[in-house]
Each structure stands twice: as C-alpha cells, then as structure tokens.
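Listed below are the residues making up each chain.
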Amino acid sequence: MTTPVRTHPAATQALLARLGAAKVKTDEATCFAASFDNMRLSFMPEAVIRPDVEEDIGIVLKLANEHKVPVTVRGRGTGNTGASSPIHGGWVIHLDHWDKIEIDPISAMATVQPGAITAHINELAAEHGLFFPPDPSSLKYCSIGGNIATNAGGLRAAKYGVVRDHVYALEGFLPTGEKVTWGAPLRKFVSGLNIRDLWIGSEGTLGVITKATLKLVNKPKARRTFLLACRTDEGALEAAAALMGARVNPAVFEFLDTQTVEAAEKRRGSRVFSTAELHGVEETHAILLVEIDGHPAALAEDAVKVRAWIAQYAVAFRETDVEAEAEALWDIRRTCSQAMYALGNAKLNEDIVVPFRSYVELIRYTREVRDRVGLATPTFGHAADGNFHVHIMYDRDNPEHCRKAEQAIYDVMKKVVELGGAITGEHGIGIAKSPFLRLQHSPAEIGAMLAVKRALDPNNILASRPDLRAPQRLGASSGQGHPRLDKH
Ligand SMILES: Cc1cc2nc3c(=O)[nH]c(=O)nc-3n(C[C@H](O)[C@H](O)[C@H](O)COP(=O)(O)OP(=O)(O)OC[C@H]3O[C@@H](n4cnc5c(N)ncnc54)[C@H](O)[C@@H]3O)c2cc1C
C-alpha cells in the first residue's frame, strides 16, 4: 500500500463537514478497494465519496476546484487500463449504487443510472423483445457508466456497433461542478456542438455521467453458431477476410491463434476437435468462432454462404442452432483468457485494431516478437473488426522478463500504428496506454485534446493523467513504488 502523492486534509475536512461521514469514507479498507482496477496497480485516494443525490456531485466538484483536489470517477473497477485508479490520490466518486434502469418499450430506449450493470439492462430489455447490443466480456460485472466513459466494445460490435452508436443523451456534471445535459431522449438531435460524443470514450476526464438514455434494438429471433479449425494462423485470417468479402455480416466472429488454442486445450485437458475430425493431423491449429443471427429466413440464406466458405477454408468444423450446444462451442473462447497463465504468471493485454489488409502481417509480427524476446504472444480477438487482443506473457518476479515484456509491447504498438491501426479499440488509454499515445497522435492532435481538457477542466481536477501530460509508463519496471498487485 502507498501514501497519496499529495494530501489535502483541510479540503477533506471541508468535504466531511458538507456531506457527512456516511457519504465520505476515509478508512483504509474503503480507500484501498477504490485504489485500483483490473490493471491492478494501486494508488491510494484520501476519501471515497458515495453520493446520495446529484447535488452532492456538484458540491464535491466545486470543493475540489476550490482546493485543487484531484477527483476520479469510479464505476465498477473492471477497466483494464488503470483509468479509474486515482493516480494522483485525492477523492474518488464511487457510483456503483446508482443503478436504476427504466425501459421505454415504445421508444425502444433505456434510461439508466451510471452504476447499472450492463447485463441487467439486457435482462430488463429482453422482457420487451429488445436488447442493448454492446456486450463487453465483462458485462456481468461492469457498469454502463464505465462502458460509456470507455466507449466499450464487445463481441457483437462488428455487426451492432459500440456504445457510442447506442447513446441518445447524457446527463451529468462538468469538472467545474455545473449540471449539464447533452442530447435528449429523442431519435434525432443536432442542436449545438456534440459534447455528448466528446464525453463518450473520454474516460472520466471531461465530466461525471449521472444518467444516460440508451438506444435499444429488436432482439434477433434466431442464431446459428459455427466453430472451425484452420491449419495455420495465416489461413484463418485469410479466411476471415474472405467471409467478410462474401457479404456475410456475422454477429460474432472470433479468431484464436495457434498459441491461444494450444494453451486453452491444455487447460481444458482435451482437444476441441478430435484427431479423426482433423483428418489425422495432430499439430495445433487456429480457431474461428462465427455466429450469425437475425430472422430465421435470412439466417438460412447466410448459413448456406457460411457452409460454402467453411468447405473452402476449414479443416474441421461444427455448427448448431441449439442454445446448449452453442455454449459448448463457445467454451474454448471463454477459456482462453485464463488459460494463458500457463504461459507466464503475468500478462500485458492490449486491444489493438488493424485493417483487414494487415491481419496476416500483424500475426506474423507477434510471432517474430515471441521468437526474438522468448516470451509467448498468444493473440485472439474480434476478426470482423480487426480488434485483436495481443498478449505478452511473462514472469512478474523476473526483472529481465518485465523489461522484455514492456519493450515487446512497445514494439507491437509501434508496428500497429505503422500498419495503419489503432493502439486501442475498446479498453481506452488510462495509465496503461499513455506511453503510446504519441505513437498514435501528432503534437497538433494532442494539443487539440489538451485545449479541450483545459477549456472544460481549467484546474485539471478530473482524472488528470500522464496521457494528457508527459508520456511515461507506470508499471512493474518504472521504479515508482506503486505495487502491481496482479496484472490480469
Ligand atoms: C474479464 C474482462 C473482460 C473485459 N472485456 C471487455 C470487452 O470485451 N470490451 C471492452 O470494451 N472492455 C472490456 N473489459 C474492460 C472493462 O470491463 C470496460 O472498460 C468497462 O467498460 C469498464 O466499466 P467499469 O464500470 O468497470 O468502469 P471503471 O473501470 O470503474 O471505469 C472505467 C473508466 O470509466 C470512468 N467512469 C466510470 N463511471 C463514470 C461516470 N459515471 N462518469 C464518468 N466517468 C466514469 C472511470 O473514471 C474510468 O476512466 C473487460 C474487463 C475484464 C476484467
């Protein structure tokens, strides 16, 4: 555990006096619980505030500006980048108990508070034949506020889009403490500058979201799942491009490279496809998981196309439209994240994006890095939109491994940008990606971002981070004394 960078005892006393000890917690256990996210890098805040009513947030932010106290907003702390970690100490506004959800089935809209769990929105929407398409793998634990603040993606993003495509309106507070509403619960709204979209994906740096109106869509009537093996990573990625070219629009299209499949099969203790199914070929293979959904008639047409594609590219496959059997086909995809720990006790997990034309070059580069630095680089992800999770597996107790892992991930990021890609497709920047921001953006672009930040947050109160200051990596090898608890 660490002490805060700079403490603000007088300000915290003033806050306690305004809101009371029931809403403002300063005990070590509460502060520690709010000190890290899934990046597991701990920065202790001085106080954790659980507001009762919206006015409380205005009071907190106004006091913070008066006393120059850093403030970080926290959803449910599942972020992978340290974005909800209070890197400069100060106060954390914790909104996980703000979890009301109202569904309007006529307008196909959901009005939600930011702490609502994403899966709960879908459970309520389903009662009306509707659903909220963005489905991060963490949807049973993460909050809609965190999803909006990171512009989260998910398995169905290629067909249905990301969070930004499903937000009509946001309410909340400017960093300076004034209440604002961006957009409206309307299907059309083009009045004024679109600051709603600026807030989406800004990782809690430009405002505190207190309410959102979301777009829901009709729940698809049927789905069909296919799991197929391809001999090589390159073969699977070429197949992926071919399916998209065949004008099939899969709802899910996941790629697992040979390193990932090998690790996942070890964890399961069995192979996904039998040797007989693989025509006697024992060596490892890459896997593609495809799901199509929609009206049964359209689905039948697409299924014909998918089978023709499988015949051309796959060495083995299975398919089903039975729910329980589909779960079995999903098992390998659900296993792969944890399975990687067989390859190292820690991982750097990135969420880069590359264009279709660069899929093969990217996967070859990950293997080149593996061979050069001697650390496994299992890669899996969303083949329909080029958003791949490249991992560097290492031993966190081995300083040489830590150094090599950090260098390897820097090299991967540089390559991604050279390939015309993006350093992040869904997790955001936070602390983890701050060293790479300048690989992606020109000084003029960073300058424009800083100008927006200064205009909305003149005292740099909300979630001020190294990404909007100097590029630096805070981590195991940074020597900054922040305990890395466990890199997921
Ligand atoms: C196992 C696992 C799988 C994951 N899979 C995916 C995936 O498929 N796709 C994906 O996109 N992400 C994924 N994630 C990452 C993470 O779940 C998402 O980033 C999620 O959106 C974070 O939500 P949260 O409530 O945990 O937010 P937090 O981690 O608490 O916060 C995330 C960011 O949102 C800001 N924030 C939170 N609430 C507010 C608010 N009310 N107002 C302003 N800012 C706010 C925080 O300040 C921070 O910058 C995964 C994480 C895990 C652990």
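Here, the structure is the one placed above.
A short tour of the structure in this document, coming up.

Each value, and the rule that gives it
- Residues numbered from 1 in each chain as written.
- Predicted model: local features only at pLDDT ≥ 70, side-chain atom pairs only at ≥ 80, totals over all residues.
- Pairing = 2+ DSSP bridges.
- Helix = DSSP H or I, 4+ residues; strand = E, 2+ residues; numbered from the N terminus.
- Axes fitted to C-alpha atoms, helices over the stretch in contact; angles between N-to-C directions.
- Contact = placed C-beta atoms within 7 Å.
- Parallel < 35°, antiparallel > 145°, perpendicular 65-115°, else oblique.
- Left-handed = near helix turned anticlockwise from the far one by under 90°.
- Nonpolar A, V, L, I, M, F, W, Y, C, P; charged D, E, K, R; others polar.

### A short note on the sheet that holds strand β9 (residues 179–183)
Thinking step 1. The antiparallel open sheet is built from five strands, whose spatial order is β5-β6-β10-β8-β9. Among the strands making up the open sheet, the edge pair consists of β5 (101–104) and β9. Taken pair by pair, the neighbouring strands of this sheet meet at an average axis angle of 15°, ignoring direction.
Thinking step 2. Two strands pair when backbone bridges link them, and β5 and strand β6 (residues 109–112) are joined in this way by four bridges, in the antiparallel orientation. Bridging from a neighbouring strand, Asp-104 pairs with Met-109 of β6.
Thinking step 3. On the sheet, helix α4 (residues 118–126) packs against β5 and β6 and is oriented at approximately 35° with respect to β5.

### Some thoughts on the packing of helix α8 (residues 233–245) against helix α12 (residues 359–373)
Thinking step 1. Their axes nearest at 9 Å, the elements α8 and α12 cross at an angle of 160°. When the axes of α8 and α12 are compared, the pair comes out roughly antiparallel. When you trace α8 past α12, the crossing you get is right-handed. Residues Asp-233, Glu-234, Leu-237, Glu-238, Ala-240 and Ala-241 of α8 form the contact with α12, whose own contacting residues are Tyr-359, Val-360 and Ile-363.
Thinking step 2. Residues that form the contact of α8 with α12 fall into these classes: six nonpolar, no polar and three charged.

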